[in-house]
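Residue strings, one per chain:
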Amino acid sequence: MSALFDFQSFLCVVLLVICTCTYIRDRAPAVLNTREGFRGVFWKASRIGERMSPWVSLGCIAMGIKILFW
């Protein structure tokens, strides 16, 4: 089943995109400087990861526990 049709998989993909974009922006900020177009989505994801860091990390921990044990 595609990750877009299963809600749990969709949340996992969204959390991974946010975490990956935040990491890339931290290591190479020039890559995600574009705020318009398709790359703007990744800029926004990195911004969410920066500003909502405790909530995103709690979401990743909860999703990891759910995937490992259920």
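Above this text sits the structure in question.
Residues numbered from 1 in each chain as written. Predicted model: local features only at pLDDT ≥ 70, side-chain atom pairs only at ≥ 80, totals over all residues. Heavy atoms only, no water.

Trainee: Give me the packing of helix H1 (residues 7-27) against helix H2 (residues 38-51): which residues, what numbers.
Mentor: Their axes nearest at 7 Å, the elements H1 and H2 cross at an angle of 90°. Regarding the angle of H1 to H2, the classification is roughly perpendicular. For the pair H1 and H2, the contacting residues are Val-17, Ile-18, Cys-21, Thr-22 and Arg-25 in the first and Phe-42, Trp-43, Ala-45, Ser-46, Arg-47, Ile-48, Gly-49 and Glu-50 in the second. Among the residues forming the contact of H1 with H2, the class breakdown is seven nonpolar, three polar and three charged. (Axes fitted to C-alpha atoms, helices over the stretch in contact; angles between N-to-C directions. Helix = DSSP H or I, 4+ residues; strand = E, 2+ residues; numbered from the N terminus. Parallel < 35°, antiparallel > 145°, perpendicular 65-115°, else oblique. Contact = heavy atoms within 4.5 Å. Nonpolar A, V, L, I, M, F, W, Y, C, P; charged D, E, K, R; others polar.)

Trainee: I'd like a description of the pattern of salt bridges, backed by residues and values.
Mentor: For the structure on display, the rule yields two salt bridges. Linking Arg-25 and Glu-50 is a salt bridge whose minimum nitrogen-to-oxygen distance equals 3.0 Å. Placement of the pair is Arg-25 in helix H1 and Glu-50 in helix H2, with a sequence separation of 25 residues. In this structure, Arg-47 engages Glu-50 in a salt bridge whose closest nitrogen and oxygen atoms are separated by 3.1 Å. Placement of the pair is Arg-47 and Glu-50 together in helix H2, with a separation of three residues, close to one helical turn. What makes Glu-50 partly exposed here is its relative accessible area of 37%. A cluster of three or more residues bridged by salt bridges with shared partners is formed by Arg-25, Arg-47 and Glu-50. (Salt bridge = Lys/Arg side-chain N within 4 Å of Asp/Glu carboxyl O. Buried < 20%, exposed > 50% of the residue type's maximum accessible area, 1.4 Å probe, protein only.)

Trainee: Tell me about the nonpolar core, residues and numbers included.
Mentor: Counting residues in hydrophobic clusters, the biggest one holds eight residues: Cys-12, Leu-15, Ile-18, Cys-21, Leu-32, Ala-45, Val-56 and Met-63. Mapped onto this core, the elements with two or more residues apiece are H1 and helix H3 (53-69). (Core = buried A, V, L, I, M, F, W, Y, C linked by side-chain atoms within 4.5 Å.)

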